[in-house]
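Working through the structure, step by step
Listed here are the chains, written in short residue letters.
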Amino acid sequence: MTDTPVKQQNTGAYYGQAVLSFGLALAAITLGIYRLDANAWVRGFLAIAVLYLTTSAFTLAKVIRDRQEAGQIVSRVDQARLEKILADHDPFQKL
């Protein structure tokens, strides 16, 4: 069985762009809510809604990532079993 590590698929620049984009979007929505011509309770409601949406998005991303990683682990176990069966098989052995 080969022991190949899982390679990281995203570059540092992509990660930095994602973090910067998230920061800019959060700052823009915060500024928009702050400058909104509405009562304080409306701005408060919108701020809480944005925080709830943000935490929900992070949770969803984590759940999707965890499911994908679990699938990779099952695939690696199946691959290891297949390699063991192929290594133990002798086509010239009499039945």
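Coordinates for the structure precede this section.
This report concerns the structure included in the present document. Please read all numbers here as calculations on a predicted model, not as lab measurements.

A closer look at the overall build of the chain
- A count of helices and strands for the chain gives two helices and zero strands.
- Of all 95 residues assigned to the chain, the portion counted as buried reaches 2%.
- Total accessible area computed for the chain in this model is approximately 9000 Å², and 65% of it derives from carbon and sulfur atoms.

Observations regarding the pattern of salt bridges
- Taken as a whole and judged by the stated rule, the model has two salt bridges.
- Across the pair Asp 66 and Lys 62 runs a salt bridge, and its minimum N-O distance is 2.6 Å. Separated by four residues within a single helix, Asp 66 and Lys 62 lie in helix α2 (residues 40-88), roughly one turn from each other.
- Residue classification places Asp 66 among the partly exposed positions, given a relative accessible area of 31%.
- We classify Lys 62 as partly exposed; its relative accessible area is 44%.
- Residue Arg 65 pairs with Asp 66 through a salt bridge whose shortest N-O separation is 3.2 Å.
- One salt-bridge network, held together by shared partners, links Lys 62, Arg 65 and Asp 66.

A word on a nonpolar patch on the surface
- A cluster of nonpolar side chains, contributed by Leu 36, Trp 41, Phe 45 and Leu 46, occupies part of the molecular surface with about 450 Å² of accessible area.
- As for its position among the elements, Leu 36 is in the loop between α1 (12-35) and α2.
- In this structure Leu 36 comes out as partly exposed when scored by relative accessible area, which is 33%.

The rules behind the values
Residues numbered from 1 in each chain as written. Predicted model: local features only at pLDDT ≥ 70, side-chain atom pairs only at ≥ 80, totals over all residues. Heavy atoms only, no water. Helix = DSSP H or I, 4+ residues; strand = E, 2+ residues; numbered from the N terminus. Buried < 20%, exposed > 50% of the residue type's maximum accessible area, 1.4 Å probe, protein only. Areas by Shrake-Rupley, 256 points an atom, 1.4 Å probe, with all protein chains shown as cover. Salt bridge = Lys/Arg side-chain N within 4 Å of Asp/Glu carboxyl O. Patch = residues over 30% accessible without salt bridge, like charges linked within 9 Å, V, L, I, M, F, W, Y side chains within 5 Å.

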